[in-house]
Amino acid sequence: MGVIKEEKYSIQAKNLLNFLIQDYLESLKSFHQDNYYLHEIKKLRFNINNRIRKLLDIAEVKNNFKDNFYHIIVFNTEYNGIIKTELDNIPLTYKEEGQNIFVNKKKLTYNQLMTIVDSIEGFKNKTLTKCSKAKLEPILRAKNALENDFIDQVISRETSNKCQEFYESTEKEISKITEKKIKFILGLENFERYLKEKV
């Protein structure tokens, strides 16, 4: 059987890494300042008839990033009172109109914003782990092919080098995307503070 002369393994890493970048970009859209208090609102619990109920059992919560409020639609207005009591405890201000409670969005403190940044950093690290696996797969396939004499040492080394290059370029791209997102979340002033603290 003839030995393959052309390196064709690294294309798998390149394609997968490109997919992971696109997936990362798309997934980052779900990280937003609004999520901080939205999460606080959604985790509200109520004791109704000696049973613990979640807010989402008794109401629907809507959020549009463009609005300056969260919209709670209460299924039964008799629950408005207990919901408002819990909102007062957070504390958040609101306006009540029948079964609608419009909760004003609150400006986040630097530390609150940093919890979102920490989540983004964690997500970035998970993505880079996936990228590392994507880089390794073709290298292992080439190594296996080398052991079985399907390719020679030159092709195996070329696969390894190309995959490493693709990985490094992906890592740079993901870091750039992450920094841009963190800057958007923090705003310019907080972002400068974040950079100083990072050093």
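Here, every reference points to the structure presented above.
Presented here is a report on the structure given in the accompanying data block. (Residues numbered from 1 in each chain as written. Predicted model: local features only at pLDDT ≥ 70, side-chain atom pairs only at ≥ 80, totals over all residues. Heavy atoms only, no water.)

Side note on the sheet that holds strand S3 (residues 59-63)
Applicable threshold: If DSSP finds at least two bridges between two strands, the strands pair. Each helix is a run of DSSP H or I of at least 4 residues and each strand a run of E of at least 2, with the numbering of both proceeding from the N terminus. Where helices are involved, their axes are fitted lines through C-alpha atoms of the stretch in contact, as for all axes, and angles between N-to-C directions lie from 0 to 180°.
One open sheet holds the four strands; their spatial order is S3-S4-S6-S5, and the pairing between them is antiparallel. At either margin of the open sheet sits one strand with a lone partner, and together these are S3 and strand S5 (94-97). The sheet shows a mean angle of 20 degrees between the axes of neighbouring strands, direction not considered. With four bridges joining them, S5 and strand S6 (residues 100-104) adopt antiparallel strand pairing. Across the sheet, lysine 95 pairs through a bridge with phenylalanine 102, a residue of S6.

Observations regarding the packing of helix H1 (residues 10-28) against helix H6 (residues 153-198)
Quick note on the threshold: If an angle is under 35 degrees, it is roughly parallel; if it is over 145, roughly antiparallel; if it lies from 65 to 115, roughly perpendicular; otherwise it is oblique. Should any heavy atoms of two residues lie within 4.5 Å, those residues are considered in contact.
Viewed as axis vectors pointing N to C, H1 and H6 meet at an angle of 10 degrees, and their least axial separation amounts to 9 Å. When the interaxial angle is binned, H1 and H6 end up roughly parallel. Seen from H1, the contacting residues are Ser10, Ala13, Lys14, Leu17, Ile21, Tyr24, Leu25 and Leu28; seen from H6, they are Thr159, Lys162, Cys163, Phe166, Tyr167, Thr170, Glu173, Ile174, Ile177, Thr178 and Lys181.

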